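Working through the structure, step by step
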Amino acid sequence: MSEGILLVLSAPSGCGKTTIVRQVMAELPGLAFSVSHTTRQPRPGEGNGRDYHFVNQEQFKALRDQEPSGFLEWAEVHGNLYGTSRQEVEKRLATGTDVILDIDVQGAEQVRHNAQPVTVFIAPPSLAELEQRLRGRGTESPESLRIRLANAEKEMQAAPTYTYLIINDQLEQAVLALKSIIIAERCRQRRL
Ligand code: ADP
Ligand code: 5GP
């Protein structure tokens, strides 16, 4: 049995990444979502252990500072700490399951150094549309919205460093594109 594929997905906040990933996971078997740890407050409807492991700063830092670190990668994003559990990812990959990391551009850079991930950047059709989606989601305070939009332009500059680029204009097309990438990666000769 070959190891699972490590898929790194990044996108500016509000672009539709969570929506796309949920749909792809519902339609394609053999995929696991890596549930990150974060110090951010849960949004209404978010479940602990399902969307994130919600922890405080002390808990986060204790995991981060273990030797070896409990995190495969970690970063401060929009003023909160986020990290990927090393144990969770390695366990899944070893059993041949493909693992999706939904992480920011700083985290993606760290994973590229430690592993050979397949990287996918999801971009909005425009920054104006991104703002509309973030506002429409209705989850962010005015301050959080401002920070996320300010970071979006910076994050977009990292798009060319990713193997694949998907523009999330029509949701169904974006879902199809991500599914196709995963299916094609599973067929690579060197993996078989
Ligand atoms: P992210 O995980 O990237 O922060 P979400 O998946 O939460 O983004 O999506 C942000 C908002 O945009 C949600 O309200 C979602 O329903 C909406 N959305 C996602 N994809 C599209 C699309 N292709 N067209 C219009 N709205 C979209
Ligand atoms: P949100 O707060 O909207 O759920 O996520 C904000 C940003 O943090 C997104 O860009 C998301 O991809 C990123 N993120 C979520 N989990 C992790 C993680 O474990 N590591 C890193 N580096 N970024 C993460």
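From a predicted model like this one, the values you see are computed outputs, not experimental measurements. (Residues numbered from 1 in each chain as written. Chains lettered and ligands numbered in written order. Predicted model: local features only at pLDDT ≥ 70, side-chain atom pairs only at ≥ 80, totals over all residues. Heavy atoms only, no water.)

1. Considering the overall build of the protein chain
How we decide: In DSSP terms, a helix is any run of H or I states spanning at least four residues, a strand is any run of E spanning at least two, and both are numbered starting from the N terminus. Taken over C-alpha atoms, the radius of gyration is set against a globule rule of 2.2 Å times the number of residues to the power 0.38. Note on exposure labels: buried denotes an accessible area under 20% of the residue type's maximum, exposed denotes more than 50%, and partly exposed covers the range between, all computed with a 1.4 Å probe on protein chains only. Every residue pair with non-hydrogen atoms within 4.5 Å of one another is taken to be in contact. The Shrake-Rupley method, run with a 1.4 Å probe, gives the accessible areas here. Residue values count only the displayed protein chains as cover. When charges are tallied, Lys and Arg are placed among the positive residues and Asp and Glu among the negative ones, while His and the ends of the chain are skipped. Charge coordinates come from a single atom per side chain, which is NZ of Lys, CZ of Arg, CG of Asp or CD of Glu.
In terms of helices and strands, the protein chain carries 7 helices and 9 strands. Over its C-alpha trace the protein chain gives a radius of gyration of 16 Å, about what one expects of a compact globule, namely 16 Å for 192 residues. C-alpha extents for the protein chain along the principal axes are approximately 50 × 40 × 30 Å. Relative to its full complement of 192 residues, the protein chain shows a buried share of 49%. Of the contacts formed within the protein chain by residues at least 6 apart in sequence, a portion of 69% connects residues at least 24 apart. Summed over its atoms, the accessible surface of the protein chain is roughly 10100 Å², and 51% of this surface lies on carbon and sulfur atoms. Computed over 22 positive and 24 negative side-chain charges, the inter-centroid distance for the protein chain is 2 Å.

2. Brief notes about the site of ligand 2
Where we set the bar: Residues are classed as near a molecule or strand on a simple rule: at least one heavy atom within 4 Å of it. Counting of polar contacts relies on pairs of N or O atoms within 3.5 Å, with two restrictions inside protein: one atom must be capable of donating a hydrogen and the other of accepting it, and residues adjacent in sequence are counted only when both atoms are side-chain atoms. Polarity classes work like this: nonpolar for Ala, Val, Leu, Ile, Met, Phe, Trp, Tyr, Cys and Pro, charged for Asp, Glu, Lys and Arg, and polar for all others, with Gly in that last group.
Taken together, 19 residues form the shell around ligand 2, and within it Ser36, Arg40, Tyr52, Tyr82 and Asp102 come nearest. The separation between an oxygen atom of ligand 2 and a polar side-chain atom of Tyr82 is 2.5 Å. Considered on its own, ligand 2 offers 510 Å² of accessible surface; in the complex 95% of this is hidden by protein. Listed by contribution, the elements that provide at least two residues to the shell around ligand 2 are β5 (71-77) and β6 (80-85). Within the shell around ligand 2, the residues separate by chemical class into 6 nonpolar, 6 polar and 7 charged.

3. Quick notes on helix α7 (residues 171-186)
Under the convention used in this document: One fewer than the residue count of a helix, multiplied by 1.5 Å, yields its expected span. Directions drawn from the helix axis to the C-beta atoms are what define this arc.
Taking 1.5 Å per residue as the helical rise, α7 with its 16 residues ought to reach 22 Å, and the 23 Å between its terminal C-alpha atoms agrees with that figure. Burial in α7 covers these residues: Ala174, Val175, Leu178, Lys179, Ile181, Ile182 and Glu185. Down the axis of α7, the sector holding all buried residues measures 155 degrees, keeping them to one side. For α7, the exposed residues set more than 90 degrees away from the buried face come down to Glu172 and Gln173. For α7, the elements touching its buried residues are β1 (6-10), α1 (17-27), β2 (31-33), β8 (118-123) and β9 (164-167).

4. Examining the site of ligand 1
As a structural note, the neighbourhood of ligand 1 is formed by 13 residues, with Gly14, Lys17, Thr18, Thr19 and Arg137 the closest of them. One nitrogen or oxygen atom from the side chain of Arg133 is found 3.3 Å from a nitrogen atom belonging to ligand 1. The separation between a nitrogen atom of ligand 1 and a polar side-chain atom of Asn168 is 2.9 Å. Alone, ligand 1 offers 570 Å² of accessible surface; in the complex the protein occludes 74% of this.

5. A short note on unusual backbone geometry
Here Glu67 and Pro68 are connected by a cis peptide whose omega angle stands at -5 degrees. Relative to the helices and strands, Pro68 is located in the loop between α2 (57-64) and β5.

6. A word on the sheet that holds β9
Formally: Think of it this way: DSSP has to see at least two bridges between two strands before they count as a pair. Helix axes are fitted to C-alpha atoms over the stretch in contact, other axes to C-alpha atoms as well, and angles between N-to-C directions run from 0 to 180 degrees.
Here 5 strands make up an open sheet; going across it, the order is β2-β7-β1-β8-β9 and the pairing parallel. Sheet topology places β2 and β9 at the edges, where each strand pairs with a single neighbour. Averaged over neighbouring strand pairs, the angle between their axes works out to 25 degrees when direction is ignored. Running at roughly 150 degrees to strand β7 (residues 98-102), helix α3 (residues 86-94) makes contact with β1, β2 and β7 of the sheet.

7. Quick look at the pairing of β1
Regular strands show a simple pattern: their side chains alternate between the two faces of the sheet. By the criterion of burial, β1 is predominantly enclosed, with 5 of the 5 residues buried. Taking every second residue as pointing to the same face, both faces of β1 are buried, with Leu6, Val8 and Ser10 on one and Leu7 and Leu9 on the other. Looking at chain direction, β1 and β8 are connected through 4 bridges and run parallel. Within the sheet, the bridge partner assigned to Val8 lies in β8 and is Thr119.

8. A few points about the nonpolar core
Our working rule: In plain words, nonpolar cores are sets of buried Ala, Val, Leu, Ile, Met, Phe, Trp, Tyr and Cys residues tied together by side-chain atoms within 4.5 Å.
With 25 residues, the main nonpolar core has Val24, Ile122 and Leu178 as its most contacted residues. Elements supplying a minimum of two residues to this core: β1, α1, β8, α5 (127-137), α6 (142-156) and α7. Per element, the largest residue contribution to this core is 5 residues, and it comes from α7. One finds Val89, Val99, Ala159 and Tyr162 within the second-largest nonpolar core, a separate group that totals 15 residues.

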